[in-house]
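Results of the structural survey
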Amino acid sequence: MSDLVGARVVAVHAHPDDEAIWTGGTLATLSARGAEVTVVTCTLGEQGEVIGEPYQGLVRTDQLGGFRIHELANSLDHLGVRGEFLGGVACWRDSGMIGDPANDRPGAFVHSGEAAVHQLKEILERLRPHLVITYGPDGGYGHPDHIRAHEITHAAVAGTSVQRVLWAVTGANDFERGLAAIEEIPQVWRRADHELARQQDVDVRIALSDAAYAAKVRAFEAHATQLWVANGSVSAVNPLAAFARTSNIDAAPLVFALSNLIAQPLMRYEHFQYGWGTPLTLAQCPMEGLSW
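Presented here is an overview of the structure given in this document. None of the values given here were measured: they were computed from a predicted structure.

With that out of the way, let us pick up the overall build of the chain. Within the chain, the regular secondary structure consists of seven helices and 12 strands. Against the 2.2 N^0.38 benchmark of 19 Å for 292 residues, the chain shows a C-alpha radius of gyration of 18 Å, consistent with a compact globule. Considering only C-alpha atoms, the chain reaches an extent of 50 × 45 × 30 Å along its principal axes. Taking all 292 residues of the chain together, the buried fraction comes to 54%. Taking the contacts inside the chain whose residues are at least 6 apart along the sequence as the reference set, 77% of them involve residues at least 24 apart. Accessible surface computed for the chain: about 12000 Å², of which carbon and sulfur atoms make up 52%. Across the chain, the centroid of the 21 positively charged side chains sits 3 Å from that of the 34 negatively charged ones.

Now for the sheet that holds strand β11 (residues 264–266). Across the sheet, which stays open at both edges, the three strands sit in the order β8-β10-β11 with antiparallel pairing between neighbours. Sheet topology places β8 (228–229) and β11 at the edges, where each strand pairs with a single neighbour. Bridging between β8 and strand β10 (residues 254–257) involves two bridges; their strand directions are antiparallel. In the strand pairing of β10, V229 is matched with F256. Helix α7 (residues 210–222) contacts β8, β10 and β11 of the sheet and is inclined by roughly 130° relative to β11.

So, about the packing of helix α4 (residues 113–127) against helix α5 (residues 144–156). For the pair α4 and α5, the least separation of the axes is 9 Å and the interaxial angle reads 60°. For the element pair α4 / α5, the angle class is oblique. The element α4 and its partner α5 pack so that their crossing is right-handed. Within the contact between the two elements, α4 uses G113, E114, A116, V117, L120, K121 and L124 and α5 uses R148, I152, T153, A155 and A156. The residue makeup of the contact of α4 with α5, split by class, is seven nonpolar, two polar and three charged.

Let's shift gears to the pairing of strand β1 (residues 8–13). Counting buried positions along β1 gives six out of six residues, so the element sits mostly inside the fold. Residues R8, V10 and V12 line one face of β1 and the alternating positions V9, A11 and H13 line the opposite face, and both faces are buried. Bridge analysis of β1 against strand β2 (residues 36–41) gives six bridges, and the strand direction is parallel. Paired with H13 across the bridge in β2 is T41. Since β1 and β2 lie parallel, the crossover through helix α1 (residues 18–32) that links them has a hand, and here it is right-handed. With three bridges connecting them, β1 and strand β4 (residues 131–135) associate as parallel partners. Residue pairing in the sheet places V9 in a bridge with L131 of β4.

Let us now look at the pattern of salt bridges. According to the stated counting rule, one finds 15 salt bridges in the structure shown. Salt-bridge contacts for R177 lead to D174; the nearest nitrogen and oxygen are separated by 3.6 Å. Here R177 and its partner D174 are both found in helix α6 (residues 172–181), three residues apart, which amounts to about one turn of the helix. Overall, D174 belongs to the buried group, its relative accessible area being 6%. Between R205 and D174 there is a salt bridge, with its nearest N and O atoms 2.7 Å apart. Separated by 31 residues along the polypeptide, R205 in strand β7 (residues 204–207) and D174 in helix α6 bring together distant segments of the chain. For R205, a relative accessible area of 28% corresponds to the partly exposed category. Salt bridges sharing common partners tie together R82, E84, E122 and R126.

The rules behind these values
Residues numbered from 1 in each chain as written. Predicted model: local features only at pLDDT ≥ 70, side-chain atom pairs only at ≥ 80, totals over all residues. Heavy atoms only, no water. Helix = DSSP H or I, 4+ residues; strand = E, 2+ residues; numbered from the N terminus. Rg over C-alpha atoms; globule rule 2.2 N^0.38 Å. Buried < 20%, exposed > 50% of the residue type's maximum accessible area, 1.4 Å probe, protein only. Contact = heavy atoms within 4.5 Å. Areas by Shrake-Rupley, 256 points an atom, 1.4 Å probe, with all protein chains shown as cover. Lys, Arg positive; Asp, Glu negative; His and termini not counted. Charge placed at Lys NZ, Arg CZ, Asp CG, Glu CD. Pairing = 2+ DSSP bridges. Axes fitted to C-alpha atoms, helices over the stretch in contact; angles between N-to-C directions. Parallel < 35°, antiparallel > 145°, perpendicular 65-115°, else oblique. Left-handed = near helix turned anticlockwise from the far one by under 90°. Nonpolar A, V, L, I, M, F, W, Y, C, P; charged D, E, K, R; others polar. Right-handed = clockwise from strand over helix to strand, strands pointing away. Salt bridge = Lys/Arg side-chain N within 4 Å of Asp/Glu carboxyl O.

So, in structure tokens, the structure goes:
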């Protein structure tokens, strides 16, 4: 299907791996249907932790950000989209969570000011997207860089070709169903409490096709330093296989964990709220009936 030829989409994300976690299936679907999709990543994710023993030295020597460029490139390739860094590679640094000493480092994204707005506006004017995807005002779960991505996106869209902005969120109902479906997790993982994410109401619920879901899983696996999928896969970064069992493959086909090793459902649905502009007409099939 190529019904979206001529449509242009930009997703603004804070760190490598956010494109996969929040929007991977949707971006893969849009690309497969002919849209030109670009992911703008604002930092290299230098403050991330590393899953698996072999590459722990990346954190100690502050080389994780450079390594994550490679992971991001592989993820984008699996999703079938292109990417660029806001202001160029390593222009802005991962600020870390609230209270992290990295908040005060030179070049921290939280202090990017008007410069970041101008950088994103230049990208939007060059690419002329109809749709922009980013996070809501709380950044999805409160990360300062996610909140900053939201701020610069809404400041930059004025006067551009952008017709609407969607916020990627965690849908409360599907997330709870997914958590409830997780029956067995790897021994070293732990179960989530219900405050794991700020689950929200949704305006748009997108059901991922088999192809889109498979692309999302491959994108997850590309970010091996950050994401551990319990599907038996291994990598040079993490040579240990993990397995989980669920009771409902619609609610939770697979299970994954971040470096905190909290088990989460790798859901077959992605969720959005209307952020700005003309609302979309979307049902289960993304972009159905959409006038560009």
